[in-house]
Structures are given as C-alpha cells and as structure tokens.
Amino acid sequence: MKALVTGGAGFLGSHLCEHLLDQGAEVICMDNFLTGGPRNVEHLIDRPAFRIIECDLTGFVHVPDRLDLVLHFASAASPADYLRYPIETLRVGSTGTLHALGLAREKGARFVLASTSEVYGDPLEHPQRESYWGNVNPVGPRSVYDEAKRFAESLTTAYRQSRGTDTGIVRIFNTYGPRMRPFDGRAIPTFIRQALLGEPITITGDGSQTRSICYVDDTVAGVLAMAGSDFAGPVNIGNPDELTMLELATLVKELTGSSSPIEFIERPPDDPMVRRPDTSLAAERLGWRAVVPAAEGLRRTIAWFVDELSHRHRLERLGA
Ligand code: NAD
C-alpha cells in the first residue's frame, strides 16, 4: 500500500503519516511548510518507507510512484493561520484540491478529502448531521476557509460522479493533541500554553459557546477507517462530548494545576455558538467512534506541551 499525504508535515498530517507507516504502508508526505514543518515528521525521516517532498500543491504537482491512497490534508486550519493566509487557503482548497484529485484519478487511487465541521458554519441544527447544509456567511472573515472546504467537497463529489474517482469526504470536528503549535491560536493550545506559563487564560465572549473536542488518535482512526472503505460520505469524524469554552478552560486549569486567572476577551465575528457532531453515520458505515475521554486526551497533550515549551525555553536561553 502506497499513500500520499498532502499537508503531511502539519499537525494531523504528521499523525496520519506515522499511523500509516505503523500499519506497513509506504508514505509520501507532501507539504510546502506554510503552517506545518519538517520538525513534525523528523522522527519518521529514518524510516525507509517514508519520503518527504517539499511542494506547493497549488503549483505543478508530479509523483512518479504508483499510489493506492491520497489523503488530502493540505490547508491552513487554525483561524489565525487562515486569516493571515486568506488567498493561500482559498487556493489550496480549490486549485490544490483539483491537483490532488487529478493525481488520485491518474493513479487510480482512493482519495479522501479532509473537510471540516466549519462547512456547517454557525449551525441552526444541533447536533450536526451530515444531511445539514450549514449556515455559512460567504463574505465573513472565516469564509476563506469555510467556502474553500465547501468548494472542495463539491469538486470531490464531481470527480466521483463524472470521472469515476473513488472518493471519500470526512468532516472533521475540532481535533487536538501533541504537535499542535503553542501559538497557533486555537483554543486548546492557547489555554494549555497560558496555563503552563502562568498567564491569564483568555476565553472569547462569555465562554458559553460550545465545542466538541476529539483526541488526535481517535480522529486518525476515523480517517483511516474511511480510507479503507469505499464510502463516499460525507461523514462526521469527531467526539460528541460537548463542553462550553468555560468548562474547557477550567478543565485545562485543573489538569495543569495552574493558578492562572481566567479572563474574558472579545469574541471574533461569525464564531459558531455550538458544535457537536452526530456520529451515528460513522458508527454505522465505518464501525468507528471516538473513545478517548477529554480529560485523558488533554493529559497526554499537556505532557507534550510541557516538553515542547521547555525545549523552546532551552533554545531561547541558548540564543538560538
Ligand atoms: P496544519 O496547519 O497543522 O496542517 C496543514 C498542513 O498543510 C501544513 O503542514 C501546511 O504547511 C500544509 N499546506 C498548506 N498549504 C499547502 C499547499 N499549498 N501545498 C502543500 N502543503 C500545504 O493543520 P491541521 O490541523 O493539521 O489540519 C489539517 C487538515 O485537516 C486541514 O485540511 C484542515 O482543514 C483539516 N481539519 C483539521 C481540523 C483540526 O481540528 N485540526 C478540523 C477540521 C478539519
């Protein structure tokens, strides 16, 4: 089995590369290092079945190898990143997806698109089922990401229907775990970083908005179950345990033993009020559901952040 992971040097992509290698696959990681980096996969470099190619998916893309699977994960994903790179995000979701689909078609490979719960926008249906069409503001600041993913879903569906490509779409809900960047702006790395450094833990709005958080190993298992099936989807991959942001911040504070105060700051525009996947389709079609409880996943993530922040601190002291 030979797999290409686009965005393979990112947070989710690097975990996918690692799990695929562990399952005996040969893996090509393709990335332009816009929001990820080689450090995320440096522990894989010495494995003979692993190869990394620096390449912008929106430009010319060529892979001489046979491919059985293309996992298309390239795209900025944190709001801070896609607001900094709005055009790049739209380009990778559109042209980049076109190129990845073209490659899968040429090789006769299965293609899996990393879509997102953000296609549901600020949802008017709760929990969100795959049949819900969403409530997205097409000209709001988040639209560069949401609409790029909605377009990518449409393109993927068109390739399946008109070109016969074997495609699948996963709608991933908030995933967290080791190798998230401490400054990527997403709530969990921000809360953990602030708690560990004794800084105020900043919650946007009044903290009553909810998210359902899924530990990375669960998400990876769901994606690989989709990769191994012939199901078109879209299918929700996420953990239905729903927490308010205030509950999440309080849990992080408890688990880190931090004395950081909790502070409330301005809420960004179009920030969804609620988020919870209905995962019955994933259970039925893929036999998959999330199993890692939030407290356990957060403990593992916090342990990684402790190492990461002390590594950074050592580098700073060395003037590197
Ligand atoms: P990430 O930013 O850590 O990883 C994305 C990777 O894509 C980075 O390594 C980046 O350099 C690469 N990339 C961006 N543009 C590229 C281009 N033009 N060519 C080649 N590589 C490019 O983000 P992540 O959290 O790992 O997300 C990965 C994918 O999963 C994204 O498609 C995202 O939309 C999707 N997703 C993630 C989550 C989540 O909670 N992490 C939720 C829903 C969907």
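Quantities reported herein were computed from a predicted structural model and do not represent experimental measurements.

Turning next to the overall build of the chain. Per the secondary structure count, the chain includes nine helices and 13 strands. Relative to its length of 320 residues, the chain is compact, with a C-alpha radius of gyration of 19 Å against a globular reference of 20 Å. Counting only C-alpha atoms and orienting by the principal axes, one finds that the chain spans roughly 55 × 50 × 35 Å. Looking at the chain residue by residue over its 320 residues, the buried ones come to 52%. For the chain, contacts bridging at least 24 residues in sequence account for 80% of all contacts bridging at least 6. When the accessible surface of the chain is split by element, carbon and sulfur atoms take 52% of a total near 13900 Å². Each charge sign in the chain was given a centre, from 33 positive and 41 negative side chains, and these centres are 3 Å apart.

It is worth spelling out the pattern of salt bridges at this point. Applying the stated criterion across every chain yields a total of 24 salt bridges. For Asp-166, the salt bridge identified is with Arg-160, shortest N-O distance 3.9 Å. Overall, Asp-166 belongs to the partly exposed group, its relative accessible area being 30%. Overall, the relative accessible area of 28% leaves Arg-160 in the partly exposed class. What emerges from the salt-bridge pattern is a single network uniting Glu-118, Arg-142, Arg-211, Arg-267, Asp-271 and Arg-275.

Parameters at a glance
Residues numbered from 1 in each chain as written. Predicted model: local features only at pLDDT ≥ 70, side-chain atom pairs only at ≥ 80, totals over all residues. Heavy atoms only, no water. Helix = DSSP H or I, 4+ residues; strand = E, 2+ residues; numbered from the N terminus. Rg over C-alpha atoms; globule rule 2.2 N^0.38 Å. Buried < 20%, exposed > 50% of the residue type's maximum accessible area, 1.4 Å probe, protein only. Contact = heavy atoms within 4.5 Å. Areas by Shrake-Rupley, 256 points an atom, 1.4 Å probe, with all protein chains shown as cover. Lys, Arg positive; Asp, Glu negative; His and termini not counted. Charge placed at Lys NZ, Arg CZ, Asp CG, Glu CD. Salt bridge = Lys/Arg side-chain N within 4 Å of Asp/Glu carboxyl O.

Fair warning: the whole summary comes from geometry, so function is off the table for now.
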